[in-house]
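The primary structure of each chain is shown beneath.
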Amino acid sequence: MFGWIKRAAMWVAGLAALLFAAWMAGKRDQRQQSAIDTAKSYAKTRKELDDVESNISDDPAVLREWLRERGKQ
């Protein structure tokens with residue numbers, strides 16, 4: 001008599017578990033993509049900074065001129 005209720009409850013619990021697992025997988029993928037995007041952004045910014053720093057001379061006169069030009073921007 002109550003066998004069909006138990007089976008229905010098991011089906012509902014299984015469906016809920018399946019939906020929860022899919023939701024968690026989506027959140028995990030979103031976190032991974034966010035981490036990848038952040039790392040790419042950091043790498044791009046770091047490369048730009050390294051390129052700028054490599055163009056600056058050690059000569060104080062050149063550095064002074066660079067600062068003067070940078071201040072005008």
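These figures come from a predicted structure and were not determined experimentally. (Residues numbered from 1 in each chain as written. Predicted model: local features only at pLDDT ≥ 70, side-chain atom pairs only at ≥ 80, totals over all residues. Heavy atoms only, no water.)

S.K.: What exactly am I supposed to notice about the overall build of the chain here?
M.R.: Of the regular secondary structure elements, the chain holds 2 helices and 0 strands. On C-alpha atoms alone, the chain measures out to a radius of gyration of 29 Å, which is more than a quarter above the 11 Å that the 2.2 N^0.38 rule sets for 73 residues. Across its three principal directions, the C-alpha atoms of the chain cover 95 × 20 × 10 Å. In the chain, buried positions account for 0% of the 73 residues. Working note: accessible area of the chain is about 7,000 Å², and carbon and sulfur atoms make up 64% of it. Charged side chains of the chain number 13 positive and 10 negative; the gap between the two group centres comes to 17 Å. (Helix = DSSP H or I, 4+ residues; strand = E, 2+ residues; numbered from the N terminus. Rg over C-alpha atoms; globule rule 2.2 N^0.38 Å. Buried < 20%, exposed > 50% of the residue type's maximum accessible area, 1.4 Å probe, protein only. Areas by Shrake-Rupley, 256 points an atom, 1.4 Å probe, with all protein chains shown as cover. Lys, Arg positive; Asp, Glu negative; His and termini not counted. Charge placed at Lys NZ, Arg CZ, Asp CG, Glu CD.)

S.K.: Would you explain the pattern of salt bridges in this entry?
M.R.: Opposite charge on two side chains permits them to pair, given that their charged atoms come into close proximity. All chains considered together, the criterion is met by 4 salt bridges. A salt bridge links Glu65 to Arg68; its shortest N-O distance comes to 3.1 Å. Of this pair, Glu65 and Arg68 both sit in helix H2 (residues 60-72), 3 residues apart, which is roughly one turn of the helix. Look at Glu65 and you get partly exposed, because its relative accessible area is 35%. Exposure remark for Arg68: the relative accessible area of 46% places this residue in the partly exposed category. (Salt bridge = Lys/Arg side-chain N within 4 Å of Asp/Glu carboxyl O.)

S.K.: Help me understand the environment of Asp59 in this model?
M.R.: Tracing the chain through its elements places Asp59 in the loop between helix H1 (3-54) and H2. Among the residues examined, Asp59 registers a relative accessible area of 37% and is labelled partly exposed. The sequence separation of Asp59 and Glu69 amounts to 10 residues, and the corresponding C-alpha distance is 15 Å.

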